[in-house]
Protein chains: 2
Amino acid sequence: MSGQAITETRILPVDRPFRFESGRTLERIDIAYETYGCLNERRDNAILIEHALSGDAHAAFYHEGDKKPGWWDCMIGPGKAFDTDRYFVICSNVIGGCKGTTGPASIDPATGSPYGLTFPTLTIRDMVEVQRILLKHLGIDRLKCIAGGSMGGMQTLQFFCDYPSQFESFICIASAMKHSAQQIAFNEVGRRAIMADPRWNNGNYYGDISPEGGLSVARMIGHITYISEKMMQEKFGRIRKDKDSKAIFKPSFEVEHYLDYQGVSFVKRFDANSYLYITDAIDNFDLMASISSKERFRGQGRDRGVNFSDLRTKKGLVISFSSDWLYPSSQSKEIVRLFSALNVQVSYTDITTEHGHDAFLTDYRRPSELIRGFLSSLG
Amino acid sequence: MSGQAITETRILPVDRPFRFESGRTLERIDIAYETYGCLNERRDNAILIEHALSGDAHAAFYHEGDKKPGWWDCMIGPGKAFDTDRYFVICSNVIGGCKGTTGPASIDPATGSPYGLTFPTLTIRDMVEVQRILLKHLGIDRLKCIAGGSMGGMQTLQFFCDYPSQFESFICIASAMKHSAQQIAFNEVGRRAIMADPRWNNGNYYGDISPEGGLSVARMIGHITYISEKMMQEKFGRIRKDKDSKAIFKPSFEVEHYLDYQGVSFVKRFDANSYLYITDAIDNFDLMASISSKERFRGQGRDRGVNFSDLRTKKGLVISFSSDWLYPSSQSKEIVRLFSALNVQVSYTDITTEHGHDAFLTDYRRPSELIRGFLSSLG
């Protein structure tokens, strides 16, 4: 490749009401998205990518002037796992986020002020429904595949189960059908850290100093869980950066500096209220409870039940990482068992790596091989 | 037993300078301590108990009017592991703590105000040196045993190595010779949570509202690491306490309520600055580095090197818990390897339990058997 592939995030304004699973409605929303590669004439080569907690629509390529590409550039591009010479790849920012799609930091047209905590309670299904609007706008009825890691895997499973006729296959990486008590606990401590920061001010901090301290602590907790104990030890051990620092309780060990950096850089790019809404959606996600509730979306006539027979011709690829202690392999195996029981043809690999949960973003070689092979096997 | 054994915490005022390992000196200190059982005529039946991060001198029996006994009452008492019918058991609050022994919340006689961050940097060795003063006051030259779990294990190892002639044996439970990167990371996030709370105010919050939000978050993080993933799942799973709660981001899952309770109750009984000083001492503890430094305490002529030949006649008992992921069994095995190499006769057991790190406080049956047997085997 000569030169860098340049992209930009586009905004789809949706000037009609969007109804959340909670029953609440926003009169209008924006959807931020990017696409890579070309939709073919038959419009059947589209792949939808779902981002994780802190991700956004910028999954691949470079924004003009940027030194770093999108968050999954190692996986998306010409000749890569999601080969943009063959597939039309789409990624959008989730509703409730802070990267272009409407979220708590967006202006409520009714008040002229940011929504803050008046933003409706969020679910993984709400994220999926917003993406359906985008797909309709792009004129895509049926996708080759839907894929994502971590929270992206949750959206993947929810979307696939809610609308099986829309997908040929799914790829779910380092994810879970529902959070365990410990996973809820880690998220809860992150939320408490934000809400304990007086600057959070019940979510009304826009235009003022944001609760950077609390959000940074939340992110630091996250980062401990994203990498394996062994990798952290190999990378940092007990090495000190500032051997002669006499400043009391300032970071001294390298691992402290690392966490500090992660916290500080995160608050520059993420909204604390979005962190609350999105982690809450993750904790409340429960795929089995969700697909077994046959409840119809009132007034909209959408069937929320799964037509299990629709799943019979589908394929799934599930990937976990041996050292991922945040989303342990056992949770991926549960996904495999469920979809096998539903007659989906599921492939599963537990990849041996020391990268921990972050492997879905950083350890791309083996996943790339598996994904390439999986996509080639599709009709 | 008829009736409850009543005790109270006594204060030993030490009206002479105490020099910290950092070189800094406090003109006077208080030492809070409790004792259980009786010192025999030969003064050779004493056992020193070392408390963990959030512990105190009140290890056993009841304070007048209290409904709960001391933190290790399951282990200390007539007929218990540390049998007070046979042994004279001593426990004191660590220097830097907030339970009677001088710490950052104590009044600096020079200013009439609390020390706050002018309190000297703290080490595990400082904790040990303060306890030496107490032992001297009690007229005890030589102890049957020194024992502790978690940070108490660190003090145990430090004291035993610094003054091997003073002890016949040691018992080290669920501890480590030094913190790994992940262990430092968890403590660091707790410290950041406290310091990110504007009420912390650089340590000057006494007489004002204390940084309760930050300290509570720190404690919540701790509690996630104190119990095993499996036990947390069995205890809480995804059970909701407030099914109909519509209050956004308020605790809803039982595990959230549990953590919330732990945080709220902790801030009532613990000082945020003590939390900073003590976790800092833990993270900086490195037994090997410490015992291999032969440096003499300047001006006090105390030999800081280990006389390895003194260890030859000693015995040690090391206990770890299979589900303890904060202080994994591998770290206890390192302790066993070190002391075996030093010709200490070490017994080691990894106890199978689901209680996680908290097992050293809650899962007392097997440890009690092991400790009783170990103490009986001593001369």
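Definitions and cut-offs
Residues numbered from 1 in each chain as written. Chains lettered and ligands numbered in written order. Predicted model: local features only at pLDDT ≥ 70, side-chain atom pairs only at ≥ 80, totals over all residues. Helix = DSSP H or I, 4+ residues; strand = E, 2+ residues; numbered from the N terminus. Rg over C-alpha atoms; globule rule 2.2 N^0.38 Å. Buried ≥ 20, exposed ≤ 12 C-beta atoms within 10 Å, placed from the backbone. Contact = placed C-beta atoms within 7 Å. Least-squares fit on C-alpha atoms with pLDDT ≥ 70 in both. pLDDT = per-residue confidence, 0-100. Pairing = 2+ DSSP bridges. Axes fitted to C-alpha atoms, helices over the stretch in contact; angles between N-to-C directions. Nonpolar A, V, L, I, M, F, W, Y, C, P; charged D, E, K, R; others polar. Expected span 1.5 Å × (residues − 1). Domains from an automatic or database assignment.

A. Here's a closer look at the overall build of chain A. A count of helices and strands for chain A gives eleven helices and 16 strands. Its C-alpha radius of gyration of 21 Å places chain A within 12% of the 21 Å reference for a compact globule of 379 residues. By principal-axis analysis of the C-alpha atoms, chain A measures approximately 65 × 50 × 45 Å. Looking at chain A as a whole, 54% of its 379 residues qualify as buried. Of the contacts formed within chain A by residues at least 6 apart in sequence, a portion of 70% connects residues at least 24 apart.

B. Structural detail: the relation of the copies chain B and chain A. For these two chains of identical sequence, chain B goes onto chain A by a turn of 180 degrees and a shift of 0.0 Å along the axis, with RMSD 0.0 Å. The superposition operator between the copies reduces to a two-fold rotation axis. Residues of chain B ranked by C-alpha distance from the rotation axis are headed by D197 of chain B, positioned 3.0 Å from it. The fraction of interface residues of chain B whose copies in chain A are also interface residues reaches 100%, indicating that both copies meet through the same surface.

C. Structural context of the confidence of the model for chain A. In the predicted model, chain A carries a mean pLDDT of 93, and the fraction of residues at 70 or more is 94%. Prediction confidence for the complex, expressed as pTM and ipTM, is 0.95 and 0.93 respectively.

D. Layout of the sheet that holds strand β13 (residues 145–149) of chain B. Residues and elements named next belong to chain B. Strand order in the open sheet formed by eight strands is β2-β5-β10-β6-β13-β14-β15-β16, and the pairing between neighbours is mixed. Bordering the open sheet on either side are β2 (10–14) and β16 (345–351), each of which pairs with just one other strand. In this sheet, neighbouring strand axes are inclined to one another by 20 degrees on average, regardless of whether the strands run parallel or antiparallel. Where β2 and strand β5 (residues 29–36) come together, five bridges link them in antiparallel fashion. From the neighbouring strand, I11 faces β5, where its bridge partner is A32. In the packing of helix α2 (residues 151–162) onto the sheet, the strands contacted are β6 (46–50), β13 and β14 (169–173), and the crossing angle to β13 comes to about 150 degrees. Each of β13, β14, β15 (315–321) and β16 is contacted by helix α11 (residues 365–376), which is oriented at about 175 degrees to β15, the strand it contacts most.

E. Just the interface of chain B and chain A, in detail. Across the contact, 40 residues belong to chain B and 40 residues belong to chain A. Looking at the side of chain B that touches chain A, the elements with two or more residues in it are α3 (181–196), α4 (212–226), α5 (229–235), α6 (254–269) and α7 (272–284) of chain B. Per-element tally for the side of chain B that touches chain A: the top contributor is α3 of chain B, with twelve residues. Along the lines of polarity and charge, the residues of the side of chain B that touches chain A split into 22 nonpolar, eight polar and ten charged.

F. Representation of α7 of chain B in the model. Spanning 13 residues, α7 of chain B covers 19 Å between terminal C-alpha atoms, matching the ideal 18 Å at 1.5 Å per step. Among the 13 residues in α7 of chain B, 13 count as buried, and that is most of the element.

G. Molecular detail of the sheet that holds strand β10 (residues 88–92) of chain A. Residue and element names in this part refer to chain A. In spatial order, the strands read β2-β5-β10-β6-β13-β14-β15-β16; together these eight strands make up an open sheet with mixed pairing. Of all strands in the sheet, those bounded by a partner on one side alone are β2 (10–14) and β16 (345–351). Direction aside, neighbouring strands of the sheet carry axes that sit 20 degrees apart on average. The pairing of strand β15 (residues 315–321) with β16 spans seven bridges and is classified as parallel. In the sheet register, V318 faces β16, and the bridge partner there is Y348. Contacts from helix α2 (residues 151–162) reach β6 (46–50), β13 (145–149) and β14 (169–173), with the element oriented near 150 degrees to β13.

H. View of the pairing of β6 of chain B. All names here are of chain B. Here β6 lies mainly inside the structure; five of its five residues are buried. Alternating residues of β6 divide into A46, L48 and E50 and I47 and I49, and every residue in both groups is buried. Looking at chain direction, β6 and β13 are connected through four bridges and run parallel. Residue pairing across strands places L48 opposite I146, the latter belonging to β13.

I. A look at the domain arrangement of chain A. Taken domain by domain, chain A consists of domain 1 (6–178 + 285–376) and domain 2 (183–280). Grouping the constituent residues of the side of domain 1 of chain A that touches domain 2 of chain A by class yields eleven nonpolar, nine polar and two charged.

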